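Examination of the molecular architecture
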Amino acid sequence: MKKILIIITFLIFYTNSIKAQDFFKTELKKSNPAPIDCLFSKSERLRLHKAYLNKSKITKNVKHQLFGYLYLYSDYKNNSDYINLSEVMIQAENIAEKSRNLTWLGEVALYRGAIYDLNNKQSEALKMYEQSLKYCTASKDSICIAESLEQISAIYGDQRDFEKATSYFNKSLSIFKKYKLARSVAIAYNNYSNTLSYFKKYALAAKYIDSSLAITIDLKDVYSQISRMHNKGLLYIDMGEYDKALVIFNNNQTIIKKNNWKDRLMNNEFGLFRSYKMKGNYQLALEHLIEYDFLLDSLNGADVKTKITDLETKYKYQKKELNYKNNRLSLTIARQKIERHIWIISFLSVFIVFGLWLWRRQILVTKSELFQKHLDLTNLTNLLIQKNNMIQTLENKSKNQKNLISEDFELQNQRILTDSDWANFKNYFEKAYPGFINSIRNRYPTITQGEERLFLCLKINLKSDEIATMLGISTDSVKKSRNRLRKRLNLNEKEDLKAFVLNFNKT
């Protein structure tokens, strides 16, 4: 039975492993023609991603088209090209909505939330992250779930809800660590450091930002290192250590200008402005504030916002055409859950039926084998009784005859029950009743060999005369042996010896 349960467990595990999906982000990373860890220039990375998208359109591979738009999303975001960023985001959302794929819907909601976050629209960003969490949970994409949880944590941190921010952070971190996602862990540490800083837990915030920085250094991700150093500079400002903050922002300025990272430059100018303002150097503070406002207007000014609004208006018009699909989204989620459960129940049913069949087959085989062993024991017992009958007949005959032929003489000198006979008998008995003899000896360690033989004969339901013939003793001797055995077993007068023996060691 134990073997059957092991087989069933293995089969269930195996089929579930077949059903298991690849995580979206894992596949997205593997398909990237310009991986983030490789040293491509921004222009080369953009060129490769555009080529990837064009190829996916030619081959009509919808999944790779979605990948292509998301690659370009990251490129335009890093280039601070918010107009093209909005364009590719809209295209990615259209693909996801047409597909009704829950994982894709969850991912694009996550990316859309990041755009709202970028524009300081926290309430809209939170809605998108919560929507992403809903889709990704339904599709059981753990990485997407963790990223959604981490972003929700950051939003609650910005909103000064420490309890919720910490709760979501811990949930996301456990998943990131489970799948060894170092880059995601670094982001989570960085954002949670900001939350801790809001609540003036500066020492703990410094530990988290340093841990995040150490990971990005190990990954050789300079773009992210600048972000972590920027947040560390802001932490120094909160702690009143303005000179340390200025060292960080001035070092960042050199690297940022070298790489032409406009978004990083804008943030760094704001950090310099705050540092000089807190030190009381209002002239330098004003210079950096002016530079910050100029960059802010160029990256996200009125003209840029107008173009983005126009794109989003077109997108909303297209979205109305898909409303009937969106209204059925909840039904889609429910249907997929039901299908998944039906699939699991169906396979479980098959395995249970298969297991029961194996179990029943094993029982029948065991019964058949046990029956054969009992039959072998019965046949051997009958042979021994016949042999002993023959020997006793010869003995009786010899008493009435003075002369015996040589054959009779040889037969007469044979023992009634030889050691070989008894060894054979015990061997067959042990097969028919496994462990029975050991149970007798363990329970009654002082039992004699004669008492044990009688015990075994009673177990196979031999009558007194059969026992006498089997053991080569008289029926009176059998009676005396029975009385001695009763005493050995501590049976009272009302207890039946044979019934006790027959029921002994039954489970």
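Located above this text is the structure these notes cover.
The model shown is predicted, which means the values in this text are computed figures rather than measured ones. (Residues numbered from 1 in each chain as written. Predicted model: local features only at pLDDT ≥ 70, side-chain atom pairs only at ≥ 80, totals over all residues. Heavy atoms only, no water.)

**Some details on the packing of aromatic side chains**
Counted according to the given criterion, the structure contains 25 aromatic pairs. Consider the rings of phenylalanine 169 and tyrosine 208, whose centres lie 5.8 Å apart with planes at 85 degrees: the pair is edge-to-face. Of this pair, phenylalanine 169 sits in helix 9 (residues 162-178) while tyrosine 208 sits in helix 11 (residues 202-218); the two residues are 39 residues apart in sequence, bridging distant segments of the chain. Owing to a relative accessible area of 1%, phenylalanine 169 belongs among the buried residues under this scheme. You can call tyrosine 208 partly exposed: its relative accessible area is 21%. Geometry around tyrosine 223 places arginine 264 over its ring, the cationic atom sitting 3.9 Å from the centre. The ring of tyrosine 428 carries the charged tip of lysine 431 above its face, separated from the ring centre by 5.7 Å. (Phe/Tyr/Trp six-rings, centres within 6.5 Å; stacked < 30°, edge-to-face > 60°. Helix = DSSP H or I, 4+ residues; strand = E, 2+ residues; numbered from the N terminus. Buried < 20%, exposed > 50% of the residue type's maximum accessible area, 1.4 Å probe, protein only. Lys NZ or Arg CZ within 6 Å of the ring centre and 35° of its normal.)

**Let's talk about the state of the cysteines**
According to the stated counting rule, one finds one disulfide in the structure shown. Through a disulfide, cysteine 136 is tied to cysteine 144; the S-S separation comes to 1.9 Å. According to the relative accessible area criterion, cysteine 136 is buried, its value standing at 0%. In this structure cysteine 144 comes out as buried when scored by relative accessible area, which is 0%. (Disulfide = S-S within 2.5 Å.)

**Some points on the nonpolar core**
If you look at the biggest cluster of nonpolar residues, it comprises 31 residues, and the most contacted ones within it are Tyr129, Ile145, Ile152, Phe169, Val185 and Tyr189. Only helix 6 (102-118), helix 7 (122-139), helix 8 (142-158), helix 9, helix 10 (182-198) and helix 11 provide two or more residues apiece to this core. Contact partners of tyrosine 189, with chain neighbours within four places excluded, come to Phe169, Leu173, Lys177, Tyr208, Ser211, Ser212 and Ile215. If you look at the next biggest cluster of nonpolar residues, it comprises 29 residues, including Tyr52, Ile95, Ala138 and Ile333. (Core = buried A, V, L, I, M, F, W, Y, C linked by side-chain atoms within 4.5 Å. Contact = heavy atoms within 4.5 Å.)

**Some remarks on the environment of leucine 284**
Its place among the elements puts leucine 284 in helix 15 (residues 282-300). With a relative accessible area of 27%, leucine 284 lands in the partly exposed category. Linking leucine 284 and phenylalanine 273, residues eleven residues apart in sequence, is a C-alpha distance of 7.3 Å.

**A word on the packing of helix 21 (residues 436-443) against helix 22 (residues 449-459)**
Orientation of helix 21 relative to helix 22, taken along the N-to-C sense of each, is 135 degrees, at an axis distance of 11 Å. Between helix 21 and helix 22, the angle is such that the two are oblique. Relative to helix 22, the crossing made by helix 21 is right-handed. Here Phe436, Ile437, Ile440 and Arg441 of helix 21 lie close against helix 22, whose contacting residues are Glu452, Phe455, Leu456 and Lys459. Classifying every residue of the contact of helix 21 with helix 22 by side-chain character gives five nonpolar, no polar and three charged. (Axes fitted to C-alpha atoms, helices over the stretch in contact; angles between N-to-C directions. Parallel < 35°, antiparallel > 145°, perpendicular 65-115°, else oblique. Left-handed = near helix turned anticlockwise from the far one by under 90°. Nonpolar A, V, L, I, M, F, W, Y, C, P; charged D, E, K, R; others polar.)

**Examining the packing of helix 8 against helix 10**
Where helix 8 contacts helix 10, the axes come no closer than 9 Å and their chain directions differ by 15 degrees. Classified by the interaxial angle, the pair formed by helix 8 and helix 10 is roughly parallel. The handedness of the crossing between helix 8 and helix 10 comes out as left-handed. Here helix 8 contributes Glu147, Glu150, Gln151, Ser153, Ala154, Gly157 and Asp158 to the contact with helix 10, which in turn contributes Ser184, Ile187, Ala188, Asn191, Thr195 and Tyr198. Counted by class, the contact of helix 8 with helix 10 contains four nonpolar, six polar and three charged residues.

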